[in-house]
Amino acid sequence: MAKPLTPEELRKKISPSSLPFAKTDELPSKMVPLGQERAVSALSFALEIESHGYNIFLLGPPGAGKHTTAIGVVENYVKDWPVPPDWLYVYNFENEEMPLAISLPAGTGEKLRDGVARLVGRLIEEIPKAFSNEQYARDKADILRKNQEEKNDLFAELEELANGHNFLVQKSSDGITLIYSKDGEPLSPEDFDNLSPDEKETIAKSREILQGKLRETIRAVRETEKNTQALVEELDQKCAMNAVGHELESLFEEFGAYPKVTDYLEALKKDVLEKIDKFRADGREGAPFPLPFLPHSDGVGDTIKRYRVNLLVNNKELSHAPLVIESNPTYHNIVGRIEYRAQYGAFFTDFSAIKAGAFHRANGGALVLNARELLLNPFAYEGMKRILKDQVIRMEEIGEQYRMIATSTLRPEPIAASAKVILMGTPWIFYLLQQYDEDFRKLFKVKGEFAQEMEDTDENRLSYAILVASQCEREGLLPFGADAVAYVIEEGMRLAEHQKKLDTQFLDLCDLVRESGHWAKKAGKKAVDAEDVKKAQKELKFRNDYHEQYIGSMIKDGSILIDVESSEVGQLNGLSVYDMGDYAFGKPSRVTARVFLGKEGVVNIEREAELGGHTHNKGVLILQGFFGARYAQRTPLTFGASICFEQSYGGVDGDSASSTELYALISAITDIPLRQDLAVTGSVNQLGQIQSIGGVNLKIEGFYNTCKMKGLTGKQGVVIPASNAQNLMLDEEVVKAVSERLFHIYTVSTVDEGLEILTGMKAGEPNEFGDYPEGTINAKVVSRLERFANQWKKLQSD
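Residues numbered from 1 in each chain as written. Predicted model: local features only at pLDDT ≥ 70, side-chain atom pairs only at ≥ 80, totals over all residues. Heavy atoms only, no water.

**Q** Please give an account of the sheet that holds strand β2 (residues 86-90) that cites residues and values.
**A** As summarised here, the arrangement of the three strands in space is β3-β2-β7, forming an open sheet in which the pairing is antiparallel. Of all strands in the sheet, those with a lone pairing partner are β3 (100-104) and β7 (310-313), marking the two edges. Within this sheet the neighbouring strands show an average axis-to-axis angle of 30°, counted without direction. Bridge count for β2 against β3 is five bridges, and the pairing is antiparallel. Looking at β3, one finds that valine 90 is bridged to leucine 100. Lying over the sheet, helix α3 (residues 108-131) contacts β2, β3 and β7, oriented at roughly 30° with respect to β2. (Pairing = 2+ DSSP bridges. Helix = DSSP H or I, 4+ residues; strand = E, 2+ residues; numbered from the N terminus. Axes fitted to C-alpha atoms, helices over the stretch in contact; angles between N-to-C directions. Contact = heavy atoms within 4.5 Å.)

**Q** Help me get a handle on the pattern of salt bridges, residues and values and all.
**A** Tallying each qualifying case throughout the model produces 40 salt bridges. For glutamate 110, the salt bridge identified is with lysine 316, shortest N-O distance 2.8 Å. With glutamate 110 in helix α3 and lysine 316 in the loop between β7 and β8 (323-326), this pair connects stretches of sequence that are 206 residues apart. A residue is classified by how much of its surface remains accessible, and glutamate 110, at 18% relative accessible area, is buried. Aspartate 511 is paired through a salt bridge with arginine 514; the nearest N and O atoms lie 2.9 Å apart. Of this pair, aspartate 511 and arginine 514 both sit in helix α18 (residues 506-522), three residues apart, which is roughly one turn of the helix. You can call aspartate 511 partly exposed: its relative accessible area is 28%. Where salt bridges share partners, they join Arg11, Lys13, Glu490, Glu531, Lys534 and Glu732 into one cluster. (Salt bridge = Lys/Arg side-chain N within 4 Å of Asp/Glu carboxyl O. Buried < 20%, exposed > 50% of the residue type's maximum accessible area, 1.4 Å probe, protein only.)

**Q** Can you tell me about the nonpolar core, naming the residues and giving the values?
**A** By size, the foremost hydrophobic cluster in this structure holds 37 residues, and its most contacted members are Phe627, Phe639, Tyr663, Ile666 and Val751. Ranked by residues supplied to this core, first place goes to helix α23 (residues 658-670) with seven residues. Tyr136, Val232, Ala243 and Ile304 belong to the second-largest nonpolar core, a separate cluster that totals 36 residues. (Core = buried A, V, L, I, M, F, W, Y, C linked by side-chain atoms within 4.5 Å.)

**Q** How would you sum up the sheet that holds strand β6 (residues 185-186)? Please name residues and give values.
**A** By way of backbone hydrogen bonds, the strands of a sheet pair with one another, either parallel or antiparallel. Reading across from one edge, β4-β5-β6 is the order of the three strands in this open sheet, with antiparallel pairing throughout. Unpaired on one side and paired on the other, β4 (167-172) and β6 mark the two borders of the sheet. Sheet topology places β4 next to strand β5 (residues 175-182); six bridges connect them, and they run antiparallel. Note that in β5 the partner of glutamine 170 across the bridge is threonine 177. Of the strands in this sheet, β4 and β5 touch helix α6 (residues 197-254), which is tilted by about 150° from β5.

**Q** Can you break down the side chain of lysine 420 residue by residue, with the values?
**A** Topologically, lysine 420 is positioned in strand β16 (residues 420-425). A polar side-chain atom of lysine 420 sits 2.8 Å from the main-chain carbonyl oxygen of isoleucine 49. Sequence-distant contacts of lysine 420, defined by excluding residues within four places in its chain, comprise Ala46, Leu47, Ile49, Ser51, Tyr54, Asn55, Trp81, Gly365, Ala366 and Leu367. (Polar contact = N/O pair within 3.5 Å; in protein donor to acceptor, adjacent residues only side chain to side chain.)

**Q** Before we move on, can you summarise a negative patch on the surface with the specific residues and values?
**A** Taken together, the side chains of Glu249, Glu253, Asp263 and Glu266 define an acidic patch exposed on the protein surface. If you trace the backbone, glutamate 266 turns up in helix α7 (residues 259-274). Glutamate 266 gets classed as partly exposed once you look at its relative accessible area, which sits at 45%. (Patch = residues over 30% accessible without salt bridge, like charges linked within 9 Å, V, L, I, M, F, W, Y side chains within 5 Å. Areas by Shrake-Rupley, 256 points an atom, 1.4 Å probe, with all protein chains shown as cover. Lys, Arg positive; Asp, Glu negative; His and termini not counted. Charge placed at Lys NZ, Arg CZ, Asp CG, Glu CD.)

**Q** Quick rundown of α23? Include the residues and the values.
**A** Across its 13 residues, α23 extends 18 Å between first and last C-alpha, which sits within 8% of the 18 Å expected from 1.5 Å per residue. Most of α23 sits inside the fold, with 13 of its 13 residues counted as buried. Backbone geometry just downstream of α23 places aspartate 671 in the positive-phi region, at approximately 60°. (Expected span 1.5 Å × (residues − 1).)

**Q** Describe helix α4 (residues 134-164), listing the residues and the values that go with them.
**A** Here α4 spans 44 Å end to end across 31 residues, near enough to the 45 Å set by a 1.5 Å rise per residue. Those residues of α4 not exposed but buried are Tyr136, Ile143, Asn147, Lys151, Phe155, Leu158 and Ala162. For α4, the elements touching its buried residues are α3, β4, β5, α6 and α8 (276-280). Looking one or two residues past α4, asparagine 166 carries a phi angle of roughly 60°, positive in sign.

**Q** Tell me about the environment of histidine 165, and name the residues and values.
**A** Assignment of secondary structure puts histidine 165 in the loop between α4 and β4. Residue histidine 165 is classed as partly exposed on the basis of its relative accessible area, which comes to 23%. Histidine 165 sits 88 residues away from tyrosine 77 along the chain, and the two C-alpha atoms are 96 Å apart. With residues up to four places along the chain from it excluded, the contact list for histidine 165 reads Tyr180, Ser206, Ile209 and Leu210.

**Q** Let's hear about unusual backbone geometry: which residues, and what values?
**A** Of note in the backbone geometry, aspartate 671 takes a positive phi value of approximately 60° without being a glycine. Structurally, aspartate 671 can be placed in the loop between α23 and β25 (674-675). In this structure aspartate 671 comes out as exposed when scored by relative accessible area, which is 51%. Within the chain, arginine 741 stands out as a residue other than glycine whose phi angle is a positive 60°. Position of arginine 741 relative to the elements: it lies in the loop between α25 (732-739) and β30 (744-748).

**Q** Can you explain the packing of helix α1 (residues 37-48) against helix α2 (residues 66-78)? Please cite residues and give values.
**A** Two elements in contact, α1 and α2, have axes whose closest approach is 10 Å; the angle formed by their N-to-C orientations is 40°. In this structure, α1 meets α2 at a crossing whose hand is right-handed. Residues Val40, Leu43, Ser44, Leu47 and Glu48 of α1 form the contact with α2, whose own contacting residues are Thr69, Ala70, Val73, Val74 and Tyr77. (Left-handed = near helix turned anticlockwise from the far one by under 90°.)

What follows is the structure, given as structure tokens:
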């Protein structure tokens, strides 16, 4: 019979003396990725390669440290990348609905914004002063005087010609009229009618000559007015430029190396000169009674709005490329937004209301996004893809495509995009996108997969210690002693369920460090020791084990039938894990088997009741294959059997109970009782080999707690697959009970080994003819199956 495992084999102990420090405050504080060489290598590759589409998706379970690892690695890379340029939006004087985007070296955008702001201030302050200057008034008066003299000369010439033809030139509000006169007096209509035809003809010819001259004079007057207006405008522009020209010239000199800026300044200068009257008006223009549905115009105020510079991204303070972490990746937060202001019941906007998104801020650097949050926000994922595909940031009003009527809005000039995107999520999201989104593989060519465990080496143990030290310094926790770190490392092995591996899940480990620090501080200690870590574990268990204790109480009072002392035929204790999401625990479950004459084979009651999962059903079907291969070489199987998890009213899945079901079935066939003080776990294949299972520590501890509650006898224990011995990191209480011979852990590799432990009988090996020795378990199985076959044959013949 197999010997139980020794206490040393049940939990790997880490000696504090093996760690090269006394307390963690002796260690450097830095974030060290725990066993993520593959993910770090993939991330480094994605950051180094410059080709399009080489963004990266970091996948791993929640709490794997994706975010912390990504930030640490990316920060080291962006330190060597150059500072990206500033981005600005300015008014488009040719099309106000399409603001112009300008790129300038970092810090230069602020200079342009402030320079234009100073120019506008000078315009408001100096132009009214310039136009109230006496010299300007004299110059303008001279122009107007000359204009009036020219007009007087033109009209004098007209009157002289008219007088020569006996006509008077009469001016009125209706215009200029030519009237025939005689002896200096206008001729009345009656006197005109009394004139001879020759005289009338002479007057008509004279009038025709004078009408031509009148038209010529009016044209000349208009041309004079036009020239005068041009001279006045030239004077106004000269006056304005005398006032603020030096400001404009300084801007041209400062930004002469940037053609797009100089083009903008030329357009601004032209617009200012065209709107000189707005500045001369000093805010007094505009309708005195504006319509209620229109925004109020305050004259110069509305004009200078177009001269503002919208500094969208200011990288003045950066010393290297940016790293942007967008925790709320809505469409507007990543693409940018155009804000509107309500006024008189309507909404208005302009280029100054354009706001930057995460892609604008991360341009030239890196952008970190959470895939789940991105997918939960409408339009955000598609907005990100469009930027990555087009390599430009194009701001669009997302509601526009859903309106029945198109409305006028801004369409800012797109900005070139060059950010590396680090998308983080679970494997499920990654493979879902890879399968159903045809663009995903084109845009995220690099996959960085986070490992859930790493090898237990001195280097990785030190990484654990540095992680603890970093968290203590970052969060102001008490330092950890070497014994506390050693226990944290042991907990890492337990989480990994392997004595030669360490868990890499940041979340659980960091929570354990925080809670241990809390209990140490509450106890008034100066450093965290192993007892504080154990206290943190104990308190965590107490906060979460309500369901475990509730089920335990039902076992104790007999509501759930579990036998931990006697021996029974066709009955055995299996082990199950209850996973509540935030807490998991193990408990025994009674498995029973009954056999009868028939051809039904093995009937899985859980499957028939639709409570069995696919994996559990597969495990039961494997039992039929095992029985056929071992016991039906001479006679066919002519029995029926039912297998059931008693008092199980929820779903049952997994094949870890298939060996338990097989032992119960063999016991039912042979009428050999099985020990109820032992619980069994392990899957079985058709060859009769026992295979490893998950949750072995929880299962063992669950049965130990049940036996402890009912009373330890010194004979109780658990039978597990031999391949699971390396996964044992049992609670210290269980290890202590084993060392005191109150509890036992057995390992088996085959069904026969398990049968021998459970029955105390030899299983039996077949001889060359396939016969088993008398008195062995396998011989009894064959004998009983042959009786079934004979009875079935007899029934068929009758």
